[in-house]
Each structure stands twice: as C-alpha cells, then as structure tokens.
Amino acid sequence: MLLRGVLLVLQALQLAGALDLPAGSCAFEESTCSFDSVLAFLPWILNEEGHYIYMDTSFGKQGEKAVLLSSDLQAEEWSCLRLVYQITTSSESLSDPSQLNLYMRFEDESFDRLLWSAKEPSDSWLIASLDLQNSSKKFKILIEGVLGQGNTASIALFEIKMTTGYCIECDFEENHLCGFVNRWNPNVNWFVGGGSIRNVHSILPQDHTFKSELGHYMYVDSVYVKHFQEVAQLISPLTTAPMAGCLSFYYQIQQGNDNVFSLYTRDAAGLYEEIWKADRPGNAAWNLAEVEFNAPYPMEVIFEVAFNGPKGGYVALDDISFSPVHCQNQTELLFSAVEASCNFEQDLCNFNQDKEGPGWTRVKVKPNMYRAGDHTTGLGYYLLANTKFTSQPGYIGRLYGPSLPGNLQYCLRFHYAIYGFLKMSDTLAVYIFEENHVVQEKIWSVLESPRGVWMQAEITFKKPMPTKVVFMSLCKSFWDCGLVALDDITIQLGSCSSSEKLLPPPGECTFEQDECTFTQEKRNRSSWHRRRGETPTSYTGPKGDHTTGVGYYMYIEASHMVYGQKARLLSRPLRGVSGKHCLTFFYHMYGGGTGLLSVYLKKEEDSEESLLWRRRGEQSISWLRALIEYSCERQHQIIFEAIRGVSIRSDIAIDDIKFQAGPCGEMEDTTQQSSGHSEDLNEIEY
C-alpha cells in the first residue's frame, strides 16, 4: 500500500553491505534476517521486491497487532538502535491512527520494557534513534505494530540497525545522516558536503573523517541569506538514556566573515540552553571543539549558525563523537543523586541541623489508627519538627542539605505532612542558600494542604553558584504551632517537568493516568474503582493516594457491597522466567469493619490459584508497603482480591504497584511487622 515512487527514492537509503549487517539488524532485502513474526498475532509481510516489511488493513482490522521478535542480543558496550519506518493512514482516521512500539525483553524479566512509541502518520520514511545502555544481560528486541482506523492504514519497516556507539555520534558518511535533521529555512539550510557535491560560492573543505574530497560532512552557506540574523539548525536525535561526559566535534568557519556558530541543548519541554559558542574564526584546517554534555533526561543537541548577511561565509561540521569521560581540563562534577537524597531510614544521610538547636527529630511511628507512619514504608523513619511544645514564638527549625555544584538545573522532590496548625501558610518553606554570598532565597512554601496527608512537592531550580537546599519549619506564635513531617527527599539533575515526557517505567503502575494494564473480571458498583481524595464513607479509607497525596489509587467502596463480596483486579499475563521476582505495592486498610486483602498467583492453564500474601482486618491509618518474593517459570497473572468486611467501614485501597526482576533484597519486609491478623507467606516457589 506504499507508493512505489517513494520506494524508488528510498532505495538510496539501503546500506550496500546489507548482508553484513551486525546482530540485531536487518535491511529486509530477501528475508527478515534474525527476526521472526510471533505466530499468535498478524504476520509482518515481506514486500515481493524486498526492501521492507509491512502490515496493513488488507490482512487485518483495526486494533489487531503484528509482532516482530529478534533473536537473543547483547549490548556489552553502549549501542544505538536505528529504525527506519513509515506509518500511513487516511485523513478521516487521524483520531485513531496506527501505532508502532518498540520494546526490550530481558531474559530475567516477566514484562517488556517500552523504549519508544510512534503514531504520527507521514508520507515519507522516518528515522528513530534509540540509545541502549551497556549491559551484560541478554535481551530481545520486540517491535509491535497496531493497526488504526481506516481502510488504508499501514505500517512499514524499511531497516533496523544496531551499532556500537552513541546515537548523537555521526561522521555523515551514511545517507540516513544518523538521524540528524535540518530545520528547514527558506534561505539557509544545512546540506551534505563532499563526495560529488561542489558549491561555486564557497571554497568548501575536505571532510575530516577521510581527509578527502570524497568524504562527507555537513555545511551551511550564507549565499542565499536575505535578512539579518538568518538561522540554520541541525538537530540531533533525542537522547533516550541518561548520559554525561564529553561531546566533541570538528568544525571549520570561513575566516573574517560575520556569523555566529553555537551549540544548544533542547529538552522535551522545548527549553533551550547554550552550552558552547565559537569565540574565534579558527584556522583553515578543521578545529576540534570539546564540550561538557550532561543529559540526565531526553534532550536534543542543536548546531546553530546565525548569519548577518549574504557575506557571512560558511560553517562546516564533521565527526561528532561522545565519551563518558569528562573533557580535558575539566573537573568531574561533584554531584551524586544518591548523596543528595534521603529517606531517613538509617540516619540523616548528608543533611544536618541548624547549630542553634535541634529543630528536626528523626522519629518512627508504629502502625495505629491515629497517627500516620512514614511515607517510605508506613513503618519506617521520618523527620518531625515539633513546634507544638516549644515556648518560643517565632521558633524556626532549619535542615540543611548537602552542597550542590552551581550552574546546573536540579529537580527537588520531597513528601511532607502538616498537623495541628490553624493557619498553614509558611509552616514549611524551602530556601536556597548560596554559600559564597550567604544569601537565602525562598523557592517554595506551604499555602494550604490537607492535614495529616503525605503530600509530594517538586521544585525546579538553577543557581550559578554552589548552593544548599534548606528546609525551614516555622512557628509564628505560641498559640498556633503544630507538627511538620518530612520524608523521602530526592534531588536529581534536570527539570521536574521533563519526567512528564518520559514513557511510564516498565512493570510499574501508580494509577495516575489510568488502570495501566490491569483488568477486572466484572465492572459494577462492587468492583475496584479508581479514585482521588477521600473515600465517601467516614472513618475508613485513605485521605489521599500514596504517590503524591493528590493523585489516584484503586479501592473498593464497602457501602456498595455486601458482607463477603469480592472484587478482583488482574495483571496482564506475565511471562514466565527462571529466578525470583519481587512484587511491591502499598495498601491501605483502615476501618473497624475492614475485611480481607489477598494476592494470588494464577498460572496459565491452571484452574486453581496460589495464595502469595494476605492481610485481615484493620491495619493502620497509614499506607503500608508490602513485599512479595515469588518464582514462576510459566506465564502467569497476579490477582489482587479484596473482600468486604462486616460493616461499611471496610474500604480497602492499593497504590504504586511495581514488578521487579530478582529477589526483594535488603528491602525490609512489612509482613513481619504489621499489626492485625495476617497470614505471612514471604517467599513461595512454584
């Protein structure tokens, strides 16, 4: 269903050495190489003349899938996976287009990791570039096509190529240009130079890679500039894995001409940051530039040239490379997300108190019906500023974080809970303390918050000088003081909003967007319900979710059920693998008539289910963490079953479910410490 004319143009993209492609690669000339269609779904069809495989509505209908699975692969060095693809659809079906997904399937994980997804239709081939972090674990690549609406929907794959190196690296010798794209401008654009290309307006250099006229590079020329400050941009693929180190490239600028050559980063939110600018024309040879590059979240690199007129000359670019080692004469950035974060389970980590007095105390609360426990597990430690019993009006408790290097963007997240204050404004505030200037700047404060609920706050900040984060608890007067609790502080590089652009973590569900891949056997008033805020019945259920305090969770509404009635929430089928798995989730069982919460394992083709974990009766007013370690080498499902208790005060809720490969490790098992009636099955093997 693809136009033959488009295919003829695209044959130039096919690699000459198709038969010698590395593992995990295929040009689809005569076969699908080491990739196979999964028989349980629609097949991928090899075009009769080769060159690509496809699926379309002549073989399937809307919603049906075709799945392509690679052989076992390994990326002991950092690798780049490139996919040349096309999604086509009719104009009337844009509301529900076809979708192409790419997953990694590790041998020891029961779920697949979604790396990339696309559903934008196009009339030409597109290139996706995906960074694969080095790992000793074997994996498979799984490519899933899902047909959308319309009679002409189709998805085609032209080439898959997996090579050693980073996706932002390029010598411009291949026709796909490593996924770099030119932002089109009517007057100035980046072009491929070298080879048979010549330009009469500029004396273009030889390339740097081969130091030959036959080699290739990118260049931009000012000859067609018509306006002041005409800009040409060459944009890299979006990074898909965290990286930090030295980005280097070779460039040449025609001497004595009026142009500005700069390098920017741009994150998924569209925020630009200049990280390099050419400060001199350089010599007639290729000049090496080395730039510290830090990409803790997805971002693009943009090579930009601004011309002030038609005599601005040219700029040429070649051999972009990246090394995880810092550039020469650069000291390593002294920032560690681990050292800058703390859950207070062991101690204060790298946080310290104000010298004037102990304003914050590390405390632990046993599960009970009156005071919430910590946020981390419901049973652990957190910090408490107890201003209720101080005799000092204007009392202030300060908690200082570790020193943070300047000129970096940070995302600060933490959980807090407020008790007892009549007026909540400014009871907790966050300041930035610039060490060199002894200056404090308030960047956040409590305005209004539900009392006794763990709430998440997130703040993005950047300062040119080294700084410390300071948490400040304030009691304005003797008559209006209370308790301020603090837990689970994390500081990471990058903007907090950048995480919103990321794909959901594999094997995790917070219920913030939907019910993820969980299903129910039936849906009615007595089913599991997705909700935010308090439950309708008093003296039972949570006041907020566990994730942020204002988000969503799943719960049963006891007032809609009768005693002994069940609600069952089922995971999608999980692949059976050897070794242990760790399932973690948070549960809330508060109310005098609370019933039963159980977790079952159901293996494929088995009628009976195996009990993994159970809690009976009221447990705590807090969210509590559950850890379940199990083994299963057959395809299976995990089932969360809640049974209504003797009264309407028996709401049961769950949140933040996470599946992980391997044993639960050193994480403390809540099954050994929870109150109420329980049946503990900490480690079960089937």
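See above for the structure.
Notes on the structure follow.

About the thresholds
Residues numbered from 1 in each chain as written. Predicted model: local features only at pLDDT ≥ 70, side-chain atom pairs only at ≥ 80, totals over all residues. Heavy atoms only, no water. Helix = DSSP H or I, 4+ residues; strand = E, 2+ residues; numbered from the N terminus. Buried < 20%, exposed > 50% of the residue type's maximum accessible area, 1.4 Å probe, protein only. Contact = heavy atoms within 4.5 Å. Areas by Shrake-Rupley, 256 points an atom, 1.4 Å probe, with all protein chains shown as cover. Pairing = 2+ DSSP bridges. Axes fitted to C-alpha atoms, helices over the stretch in contact; angles between N-to-C directions. Disulfide = S-S within 2.5 Å. Phe/Tyr/Trp six-rings, centres within 6.5 Å; stacked < 30°, edge-to-face > 60°. Lys NZ or Arg CZ within 6 Å of the ring centre and 35° of its normal. Polar contact = N/O pair within 3.5 Å; in protein donor to acceptor, adjacent residues only side chain to side chain. Core = buried A, V, L, I, M, F, W, Y, C linked by side-chain atoms within 4.5 Å. Salt bridge = Lys/Arg side-chain N within 4 Å of Asp/Glu carboxyl O.

### Description of the overall build of the chain
- For the chain, the count of helices and strands is one helix and 44 strands.
- Of all 686 residues assigned to the chain, the portion counted as buried reaches 54%.
- Look at the contacts in the chain between residues 6 or more apart in sequence, and 80% of them connect residues 24 or more apart.
- When the accessible surface of the chain is summed, it comes to about 31400 Å², and 50% of that surface belongs to carbon and sulfur atoms.

### Focus: the sheet that holds strand E14 (residues 216-221)
- If you walk across this open sheet you meet the five strands as E13-E14-E21-E16-E19, and the pairing is antiparallel. In this open sheet, the two strands that pair with only one neighbour each are strand E13 (190-194) and strand E19 (287-295). Neighbour-to-neighbour, the strand axes of the sheet open up by a mean angle of 35°, direction not taken into account.
- Bridge count for strand E16 (residues 243-253) against E19 is nine bridges, and the pairing is antiparallel. In the sheet register, Cys 246 faces E19, and the bridge partner there is Glu 292.

### Re the environment of Gln 456
- Turning to its location among the elements, Gln 456 is positioned in strand E29 (residues 455-463).
- Judged by relative accessible area, Gln 456 falls into the partly exposed class, the value being 28%.
- For the pair formed by Gln 456 and Ala 417, sequence separation is 39 residues and the distance between their alpha carbons is 9.1 Å.
- Setting aside its immediate chain neighbours within four residues, Gln 456 contacts Arg 413, Phe 414, His 415, Thr 547 and Thr 548.

### Quick notes on the state of the cysteines
- Throughout the structure, instances matching the rule amount to eight disulfides.
- With a sulfur-sulfur separation of 2.0 Å, Cys 411 is cross-linked through a disulfide to Cys 496. Negative torsions about the S-S bond denote left-handed disulfides, and the value of about 105° found for Cys 411 with Cys 496 makes this one right-handed. Of this pair, Cys 411 sits in strand E26 (residues 408-419) while Cys 496 sits in the loop between strand E31 (483-493) and strand E32 (508-509), and the two are 85 residues apart along the sequence. With respect to burial, Cys 411 and Cys 496 carry one shared label: buried.

### A word on the packing of aromatic side chains
- A complete count under the given rule lists 39 aromatic pairs for this structure.
- Look at Tyr 382 and Trp 454: their rings are 5.6 Å apart centre to centre, the planes differ by 85°, and that puts the pair in the edge-to-face class. A residue pair is termed long-range when its members are at least 10 positions apart, and Tyr 382 in strand E24 (residues 381-386) and Trp 454 in the loop between strand E28 (439-445) and E29 qualify at 72 residues.
- By relative accessible area, which is 10% here, Trp 454 ends up buried.
- Seen from their ring centres, Tyr 400 and Phe 433 are 6.2 Å apart, and the 80° between their planes marks the pair as edge-to-face. Within this pair, whereas Tyr 400 is found in strand E25 (residues 395-400), its partner Phe 433 is found in strand E27 (residues 428-434), the two being separated by 33 residues in sequence. You'll find Tyr 400 and Phe 433 in the same group, each marked buried.
- Among the aromatic residues, ring-to-ring pairing joins Trp 190, Phe 249, Tyr 251, Phe 261, Trp 276 and Phe 303 into one connected group.
- Here Arg 530 stacks its cationic end above the ring of Tyr 552, 3.8 Å away from the centre of that ring.

### Thoughts on the side chain of Ser 526
- Tracing the chain through its elements places Ser 526 in the loop between strand E33 (519-520) and strand E34 (529-532).
- Residue Ser 526 is classed as buried on the basis of its relative accessible area of 5%.
- A polar atom in the side chain of Ser 526 sits 2.7 Å from the side chain of Asn 524.
- For Ser 526, the side chain forms a polar contact with the side chain of Gln 565, separated by 3.2 Å.
- Ignoring sequence-local partners within four residues, the contact set of Ser 526 consists of His 560, Met 561, Gln 565, Lys 566 and Ala 567.

### Some remarks on the nonpolar core
- Of all hydrophobic cores here, the largest spans 39 residues; its most connected members are Trp 190, Phe 249, Phe 261 and Phe 303.
- Formed by 34 residues, the second largest nonpolar core is a distinct cluster that contains Phe 351, Trp 360, Val 469 and Ile 489.

### Comments concerning the sheet that holds strand E3 (residues 53-56)
- The strand order across the open sheet built from five strands is E2-E3-E11-E6-E9, with neighbouring strands paired in antiparallel fashion. Here the strands that pair on one side only, and so sit at the sheet edges, are strand E2 (45-46) and strand E9 (126-132).
- By the bridge criterion, ten bridges tie strand E6 (residues 79-88) to strand E11 (residues 154-164) in an arrangement that is antiparallel. By the bridge assignment for E11, Val 84 is matched with Glu 159.

### A few points about the environment of Ala 429
- As for its placement among the helices and strands, Ala 429 is situated in strand E27.
- By relative accessible area, which is 5% here, Ala 429 ends up buried.
- For Ala 429 and Ser 445, which are 16 residues apart along the polypeptide, the C-alpha to C-alpha distance reads 4.0 Å.
- Those residues in contact with Ala 429, other than ones at most four positions away along the chain, are Lys 442, Trp 444, Ser 445, Val 470, Phe 471 and Met 472.

### Remarks on the pattern of salt bridges
- A complete count under the given rule lists 21 salt bridges for this structure.
- A salt bridge links Glu 274 to Lys 277; the shortest N-O distance between them is 4.0 Å.
- Salt bridges here are not isolated pairs; linked through shared partners, they connect Glu 521, Lys 566, Arg 568, Glu 609 and Glu 641.

### Notes on the pairing of strand E42 (residues 652-661)
- In terms of burial, E42 is a largely internal element, seven of the ten residues being buried.
- Looking at chain direction, E32 and E42 are connected through two bridges and run antiparallel. Across the sheet, the residue bridging to Glu 508 is Lys 658, located in E42.
- Bridge count between strand E35 (residues 552-556) and E42: three bridges; the pairing is antiparallel. Looking across to E42, one finds that Tyr 555 is bridged to Ala 653.
- Two elements, strand E37 (residues 577-589) and E42, share eight bridges in a ladder whose sense is antiparallel. Looking across to E42, one finds that Phe 586 is bridged to Asp 655.

Keep in mind that these numbers describe shape and distance, not what the molecule does.
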